[in-house]
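So the chains spell out like this:
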Amino acid sequence: LLKLAYLRDSGRLCEPAGLHSRHPRIRSILDIGCGGGEFLSALAGEGRSLLGVEPDPQARQAASARGIAVVEGTAEALPADVRDARFDLILL
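Residues numbered from 1 in each chain as written. Predicted model: local features only at pLDDT ≥ 70, side-chain atom pairs only at ≥ 80, totals over all residues. Heavy atoms only, no water.

**Q** What is the right way to look at the overall build of the chain in this model?
**A** A tally of helices and strands in the chain yields five helices and four strands. Walking the chain from its N terminus toward its C terminus, one meets helices and strands in the order α-α-β-α-β-α-β-α-β. For the chain, long-range pairs separated by at least 24 residues make up 45% of all intrachain contacts whose partners lie at least 6 apart in sequence. (Helix = DSSP H or I, 4+ residues; strand = E, 2+ residues; numbered from the N terminus. Contact = heavy atoms within 4.5 Å.)

As structure tokens, then:
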């Protein structure tokens, strides 16, 4: 079903511009497996809180260099403060 949905909208809904236009009021975003923070940094905006979770130390460093708050972890092993938090949007 996910593949069909992607083919239907040509991936537009999974791009930062598509997310911005469909959900302009999103304020808190969590990206699990954020890599170097490229996608998250594209979602930055006034009043938005961005947080990345990433196991790779070099990728965490790259995300931090982009101004992204990033913590060590994975989807299977989320840090407790992330696990207990609420977000408007969670990306994997």
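And the narrative resumes.
**Q** Just to check I follow, could you spell out the pairing of strand β2 (residues 49-53) for this structure?
**A** Looking down a regular strand, the side chains alternate between one sheet face and the other. With respect to burial, β2 is a largely interior element, four of its five residues being buried. As judged from the five bridges shared by strand β1 (residues 28-32) and β2, these two strands associate in the parallel manner. Bridging across to β2, S28 finds its partner in S49. As defined by bridge partners, β2 adjoins strand β3 (residues 69-71) across three bridges and the pair is classed as parallel. Paired with V53 across the bridge in β3 is V71. Chirality of the crossover, the property in question, places the unit of β2, helix α4 (residues 57-65) and β3 among those that are right-handed. (Buried < 20%, exposed > 50% of the residue type's maximum accessible area, 1.4 Å probe, protein only. Pairing = 2+ DSSP bridges. Right-handed = clockwise from strand over helix to strand, strands pointing away.)

**Q** Honestly, the pattern of salt bridges in this entry has me stumped. Any pointers?
**A** Under the defined criterion, the tally for this structure stands at two salt bridges. Ionic pairing is found between R66 and E38, a salt bridge with its closest N-O pair at 3.5 Å. A residue pair is termed long-range when its members are at least 10 positions apart, and R66 in the loop between α4 and β3 and E38 in helix α3 (residues 38-42) qualify at 28 residues. (Salt bridge = Lys/Arg side-chain N within 4 Å of Asp/Glu carboxyl O.)

**Q** Would you mind going over the sheet that holds β1 with me for this structure?
**A** Hydrogen bonds between backbone groups are what pair the strands of a sheet, and the pairing can be parallel or antiparallel. Taken in spatial order, the four strands of this open sheet run β3-β2-β1-β4, and their pairing is parallel. The sheet terminates laterally at β3 and β4 (89-91), the two strands that pair on one side only. Across the sheet, the axes of successive neighbouring strands diverge by a mean angle of 20°, strand direction being ignored. The pairing of β1 with β4 spans three bridges and is classified as parallel. Residue pairing for β4: D31 is matched across the bridge by L91. (Axes fitted to C-alpha atoms, helices over the stretch in contact; angles between N-to-C directions.)

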